Amino acid sequence: MRKIVINSGKPLSGEVAVSGAKNSVVALIPAIILADDIVTLDGVPAISDVDSLVDIMEVMGAKVKRQGETLEIDPRGVENKPMPYGKINSLRASYYFYGSLLGRFGEAVVGLPGGCDLGPRPIDLHLKAFEAMGAKITYEGDNMRLSTGGTPVQGTHIFFDTVTVGATINTMLAAAKAEGRTVIENAAREPEIIDVATLLNNMGAHIRGAGTDIITIEGVKSLHGTRHQVIPDRIEAGSYIAMAAAVGEGIKITNVLYEHLESFIAKLDEMGVRMTIEEDAIFVEKQEQLKAVNIKTAPYPGFATDLQQPLTPLLLTAHGRASIVDTIYEKRVNHVPEMARMGANISTVGGRIVYEGPNQLTGAPVKATDLRAGAALVTAGLMAEGQTEITNIEFILRGYSNIIEKLTALGADIRIVED
Ligand code: EPU
């Protein structure tokens, strides 16, 4: 078993560069199945979710070349065959194969998606959209079959009851080559949706309105190859900004699009965090007294659910009592008992996280229960007195590119050890 071991007390300073966005690239890779030629992605993060997607693409017959942050995928040899179950069910984003295979072949046979345990994560809205586009859904053991029965996917009008990133992107994937026009209302507006629409449009698709709550897709007959730069990961950026404010002595976070982080930065301003916004970077100073603030997550451009956990250690350094409410995933509270184990005054009361500070954390053995809880534990470990050992680190490596190398370069005493 691998663990991350952190010894605190080292001054952290310097520069850290943000990698390409995980939640974009996990959709961009399956999107390439729709192309009739080679697609190259630049700025691909070194995370295990990408490794898994690349493996799946290769099993399906794609030719993949990966060099540093560049990924070149030739999807011409892709065949519509059942996918390796272990990989599919460890990945949340495997649901994007439904949309892209349906779009290319009119049929998809895929295992049910996995991912972090954040409480119930239904895919009913994805399936409703596919059904509205003419697909029939049947279950075969652990697999689900979506099929239009030989006719092309049909453009249609879809209204999502809940704002959903996954179903918005999946509908765009299925609709890009559909017959006719698809309109998505109450679409999610996350930057990752714009990134996927940009790739598809550069492949020849006709998608308008991505980034607003109405997206229109005019189906086209074929999509071609292209080259695309993945947007910076706003969640990784926010995680490093919070970490820099908690333990840094002057850290510059580069490759940041401030516009993607406005609600997060506004909360840090409210706490009293001192930072300088530059053109594509944010410099975070060493902080003095911070103020506790209430957090309520919401779909973009609201405060991102994915940043609630990475921000928690910084909140614990602040003066006062306040709460965190996650309206997207109310069970996204698994970091709370671990923080409490490290000595924090934090608890969950009726779905609401309540904390009071300031707190001095103490190093302890803790468990990363999911990706963002893991990021929170890394920051907590850097803040704590003594040594922190984090287990279940596979969750962290799924989504934080070169995290050990990046933190070591800032001066942290952090390493992975085999138990
Ligand atoms: N929902 C439904 N039915 C559906 C789909 C979603 O009820 O068919 C609900 C969900 O249960 C949730 C809300 O709608 O309460 C929003 O879910 P969404 O579909 O937006 O989530 P997702 O697509 O499964 C992506 C990210 C998550 C991120 C959410 C934020 C990927 C691969 N995952 O998940 O990222 O928290 O959007 O909405 O893009 C992470 O990076 O740590 C992570 C979990």
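Please read all numbers here as calculations on a predicted model, not as lab measurements. (Residues numbered from 1 in each chain as written. Predicted model: local features only at pLDDT ≥ 70, side-chain atom pairs only at ≥ 80, totals over all residues. Heavy atoms only, no water.)

Engineer: Lay out the overall build of the protein with the relevant residues and their values.
Structural biologist: Scanning the protein for helices and strands turns up 14 helices and 23 strands. A compact globule built from 419 residues would reach a C-alpha radius of gyration of about 22 Å, and the protein, at 21 Å, matches this within 12%. With the C-alpha coordinates aligned to their principal axes, the bounding extent of the protein is approximately 65 × 45 × 40 Å. Among the 419 residues that make up the protein, the fraction classed as buried is 56%. By sequence separation, contacts in the protein at least 24 residues apart represent 72% of the contacts at least 6 residues apart. (Helix = DSSP H or I, 4+ residues; strand = E, 2+ residues; numbered from the N terminus. Rg over C-alpha atoms; globule rule 2.2 N^0.38 Å. Buried < 20%, exposed > 50% of the residue type's maximum accessible area, 1.4 Å probe, protein only. Contact = heavy atoms within 4.5 Å.)

Engineer: Pulling in residues and values, what's your account of the sheet that holds strand S4 (residues 63-67)?
Structural biologist: Strand order in the open sheet formed by four strands is S4-S5-S3-S13, with mixed pairing between adjacent strands. Every other strand in the sheet has two partners, leaving S4 and strand S13 (226-229) as the edge strands with one partner each. Sheet twist, expressed as the average angle between the axes of neighbouring strands with direction ignored, equals 15°. Inspection of the sheet shows S4 paired to strand S5 (residues 70-74) by five bridges, in the antiparallel sense. Looking at the pairing, glutamine 67 lines up with threonine 70 of S5. Sheet contacts for helix H7 (residues 191-202): strand S3 (39-42) and S13; angle to S13, the most-contacted strand, approximately 160°. (Pairing = 2+ DSSP bridges. Axes fitted to C-alpha atoms, helices over the stretch in contact; angles between N-to-C directions.)

Engineer: Just give me the short version of the site of the ligand, but keep the residues and values in it.
Structural biologist: Close to the ligand lie 25 residues; Tyr95, Asp124, Thr164, Asp306 and Ile328 are nearest. One nitrogen or oxygen atom from the side chain of threonine 164 is found 2.7 Å from an oxygen atom belonging to the ligand. Contacts to the ligand include arginine 372, whose side-chain N or O atom sits 2.8 Å from an oxygen atom. Relative to its unbound accessible area of 820 Å², the ligand is 90% covered by the protein chains. Going through the elements one at a time, helix H1 (22-31), helix H5 (124-132), helix H6 (165-175), helix H10 (305-316) and helix H12 (371-383) are the ones with two or more residues in the shell around the ligand. Broken down by class, the residue content of the shell around the ligand amounts to 12 nonpolar, six polar and seven charged. Looking at which domains feed residues into the shell around the ligand, each of domain 1 (2-19 + 232-418) and domain 2 (22-229) supplies at least three. (Near = heavy atom within 4 Å. Polar contact = N/O pair within 3.5 Å; in protein donor to acceptor, adjacent residues only side chain to side chain. Areas by Shrake-Rupley, 256 points an atom, 1.4 Å probe, with all protein chains shown as cover. Nonpolar A, V, L, I, M, F, W, Y, C, P; charged D, E, K, R; others polar. Domains from an automatic or database assignment.)

Engineer: Give a description of the packing of aromatic side chains that names residues and reports values.
Structural biologist: Applying the stated criterion across every chain, the model contains three aromatic pairs. An angle of 70° between the planes, with centres 6.5 Å apart, marks the rings of tyrosine 98 and phenylalanine 130 as edge-to-face. Placement of the pair is tyrosine 98 in helix H4 (residues 96-105) and phenylalanine 130 in helix H5, with a sequence separation of 32 residues. The class of phenylalanine 130 is buried, set by a relative accessible area of 1%. (Phe/Tyr/Trp six-rings, centres within 6.5 Å; stacked < 30°, edge-to-face > 60°.)

Engineer: Talk me through the pairing of strand S22 (residues 387-391); I want residue IDs and the actual numbers.
Structural biologist: As paired elements, strand S1 (residues 2-7) and S22 share four bridges and run antiparallel to each other. Note on S22: the bridge partner recorded for valine 5 is glutamate 389. With H12 bridging strand S21 (residues 365-367) and its parallel neighbour S22, the resulting β-α-β unit is right-handed. (Right-handed = clockwise from strand over helix to strand, strands pointing away.)

Engineer: An account of the nonpolar core is needed here, citing residue identities and associated values.
Structural biologist: Counting residues in hydrophobic clusters, the biggest one holds 73 residues, and the most contacted among them are Ile29, Leu41, Phe97, Leu146, Met172 and Leu200. Other than its neighbours up to four places away in sequence, leucine 146 contacts Tyr98, Leu102, Gly106, Glu107, Ala108, Leu127, Phe130, Lys136 and Ile137. Core analysis: the second largest hydrophobic core is formed by 72 residues, Leu371, Ile390, Ile393 and Ile403 among them. (Core = buried A, V, L, I, M, F, W, Y, C linked by side-chain atoms within 4.5 Å.)

Engineer: Could you give an account of the domain arrangement of the protein, with specific residues and numbers?
Structural biologist: Looking at the assigned domains, one finds that the protein contains domain 1 (2-19 + 232-418) and domain 2 (22-229). Placing the centre of domain 1 and that of domain 2 at their C-alpha centroids yields a distance of 30 Å. Facing 23 residues of domain 1, the contacting portion of domain 2 comprises 21 residues. Of the roughly 1,800 Å² buried at the junction of domain 1 and domain 2 (both faces included), carbon and sulfur atoms supply 53%. For domain 1, the biggest contributors to the area lost against domain 2 are Tyr300, Tyr329 and Arg398; these three give 36% of the whole. Where domain 1 meets domain 2, there are two salt bridges. Arginine 234 serves as the salt-bridge partner of glutamate 192, at 2.9 Å between the closest nitrogen and oxygen. Along the contact surface separating domain 1 from domain 2 lie seven residue pairs in polar contact (both at pLDDT 80 or more). Among the elements of the structure, H12 and helix H13 (394-399) are those that each provide at least two residues to the side of domain 1 that touches domain 2. (Buried area = accessible area lost by both parts, 1.4 Å probe. Salt bridge = Lys/Arg side-chain N within 4 Å of Asp/Glu carboxyl O.)

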